[in-house]
Amino acid sequence: MTHLHPRHVTMIALGGVIGAGLFVGTGAGIALAGPAVLISFTAAGLLALLIMRMLGEMAAEHPSGGAFSVHAEKAIGPWAGFTVGWLYWSAVGVVLAVEATAAAKIAAAWIPAVPQWTWVLVFMSTLTAVNLANVRNFGEFEFWFAGLKIAAIVLFLALGAAAIAGLFPGIESPGITNLEDFLPNGWSGVLAGFMTVVFAFGGLEVVTIAAADAEDPKQAIKKAVRTSITRLLVFYLGSMAVVVTLLPWNDSRVGTSPYVAVLDRLGIPAAGQIMNVVIFVALLSAINATLYAAARVLCSLAERGEAPKALLDKTNGVPRNAVLASAAFGFFSVVLNYLWPDTVFLVLLNAVGSVILVVWGFIAISQIRLRRTMNNPAVPMWGYPYLSWLTLTAIVAIILLMLSDEQARVQILSTGALVAVVTAVALSRSASRRRSLRGRT
């Protein structure tokens, strides 16, 4: 078995966007926007869905493990494919280490006798082995990981809805009391919340990478994109609606961990540990999917002569050398966790936190240009070209807003420096190739 089943691809589409950022990071958005975080999430979710639709359109017509990197090369030129491919690979390599570190922190809290760096080594070794085996192993692991995350959200929504309706034993329905001060920090708070929660949707690109390993890539991506869109909005907006309806937005527990705060409010025993288990599963899923995506993008770069040819080696359809190269920084983070266990997480995350916005920008530009070459695409982008241009404008606006924000500026400038370096290398390579071709003629 060297292909993913449609059920794998569909579940990857759903689970890829449901990460630890949803369960933990959304508290910061609530603290900034209050109940109006629902507006922030709606705007961020719509942007993410438009990006997913763009990816779906291109992936259905040009399925490839390189996905958006290949699309950028076709639409803009080799330098763009090189730039977005290496940017994504370098960023997710760091994210891989961040995810392993976060999972290790949870495991170390459960079993303090085992140091944090040891857990990183265990997780990286196990999930690298999964990715080195047949591609079906990745699909099955991700299917069940995603299933557990979705089950947790569905259960949370059911419990929350019962409490809001006054059907939960011992819990009085709050009605709309906690929603009355809907815009406590005004529209500037909604905007700040939007800039915070938009990053929770990172990971949606994995499904189009995985589609290339499906038995029927076009049908797999078509089904995955169409079935995941409404469900993702329900999961994200539904869970946020439960949080801000049941609890005051300025409750300190909401800002720290909104899901734990709700479970505590409902009197669920060991609520904190329950959510730790869910977050732990979400992180393992993210490590698995991130490593898979990084290896396929790197292998695609090698296929196009943009990375060493040794990375093309495949066994049972698995680019083994690309998997090992992609896992390298994750294993290096074992050393970082040994030396600086308390600070490595934030330092690593800050270095590449905004690269996803650049990748999304390339996706939007690629779709706008490639659509002109397509006849009756299987997964057409809605409202082309108007929504395509609106999506690109929104991405540029987010970057500009981050530059104007003192806290976000360091992150976006760090990303800008990385983009400048990679683009310079890409343009230099393109110029060198042109000179070489002229020399031959």
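Residues numbered from 1 in each chain as written. Predicted model: local features only at pLDDT ≥ 70, side-chain atom pairs only at ≥ 80, totals over all residues. Heavy atoms only, no water.

Asker: Would you explain helix 17 (residues 386-404) in this entry?
Answerer: Helical periodicity: at 3.6 residues per turn, an α-helix aligns residues three or four positions apart in one direction. Between its first and last C-alpha atoms helix 17 spans 27 Å; for 19 residues at 1.5 Å apiece the expected length is 27 Å, and the two agree. Turning to helix 17, its buried residues are S388, T391, L392, I395, I398 and M402. Take helix 17 and look down its axis: the buried residues cluster within an arc of 115°, on one side only. When the buried face of helix 17 is taken as reference, the exposed residues oriented beyond 90 degrees from it are Y386, L390, L400 and S404. (Helix = DSSP H or I, 4+ residues; strand = E, 2+ residues; numbered from the N terminus. Expected span 1.5 Å × (residues − 1). Buried < 20%, exposed > 50% of the residue type's maximum accessible area, 1.4 Å probe, protein only. Arc of directions from axis to C-beta.)

Asker: Teacher, can you tell me more about the packing of helix 5 (residues 78-110) against helix 6 (residues 116-132) here?
Answerer: The N-to-C vectors of helix 5 and helix 6 enclose an angle of 125°; their axes lie 8 Å apart at closest approach. One element, helix 5, and the other, helix 6, form an angle in the oblique class. As helix 5 packs across helix 6, the resulting crossing turns out to be right-handed. Touching L96, A100, T101, A103, A104, K105, A107 and A108 of helix 5 are Q116, W119, V120, F123 and M124, all from helix 6. Residue composition of the contact of helix 5 with helix 6, by class: 10 nonpolar, 2 polar and 1 charged. (Axes fitted to C-alpha atoms, helices over the stretch in contact; angles between N-to-C directions. Parallel < 35°, antiparallel > 145°, perpendicular 65-115°, else oblique. Left-handed = near helix turned anticlockwise from the far one by under 90°. Contact = heavy atoms within 4.5 Å. Nonpolar A, V, L, I, M, F, W, Y, C, P; charged D, E, K, R; others polar.)

Asker: I would appreciate a short explanation of the packing of helix 3 (residues 37-61) against helix 8 (residues 186-197) in the present structure.
Answerer: Axes are the key here: two packed helices are described by the angle between their axes and the distance separating the axes. Relative orientation of the contacting elements helix 3 and helix 8 amounts to 45°, with a least axis distance of 8 Å. In terms of orientation, helix 3 and helix 8 fall into the oblique class. Pair helix 3 / helix 8 crosses with right-handed handedness. Counting all contacts with helix 3, which are made through V37, I39, S40, F41, A43, A44 and L47, the residues of helix 8 involved are W187, V190, G193, F194 and V197. Here the residues of the contact of helix 3 with helix 8 sort into 10 nonpolar, 2 polar and no charged.

Asker: Mind showing me how you'd approach the nonpolar core here?
Answerer: Burial of nonpolar side chains together is a common tendency in soluble globular proteins. Membership of the largest hydrophobic core comes to 145 residues, with the highest contact counts inside it found for F68, Y88, W360 and I363. Among the elements that line this core, the one with the most residues is helix 13 (residues 271-303), at 20 residues. I363 has contacts with I51, M54, L55, M58 and F68, leaving out every residue within four places of it along the chain. (Core = buried A, V, L, I, M, F, W, Y, C linked by side-chain atoms within 4.5 Å.)

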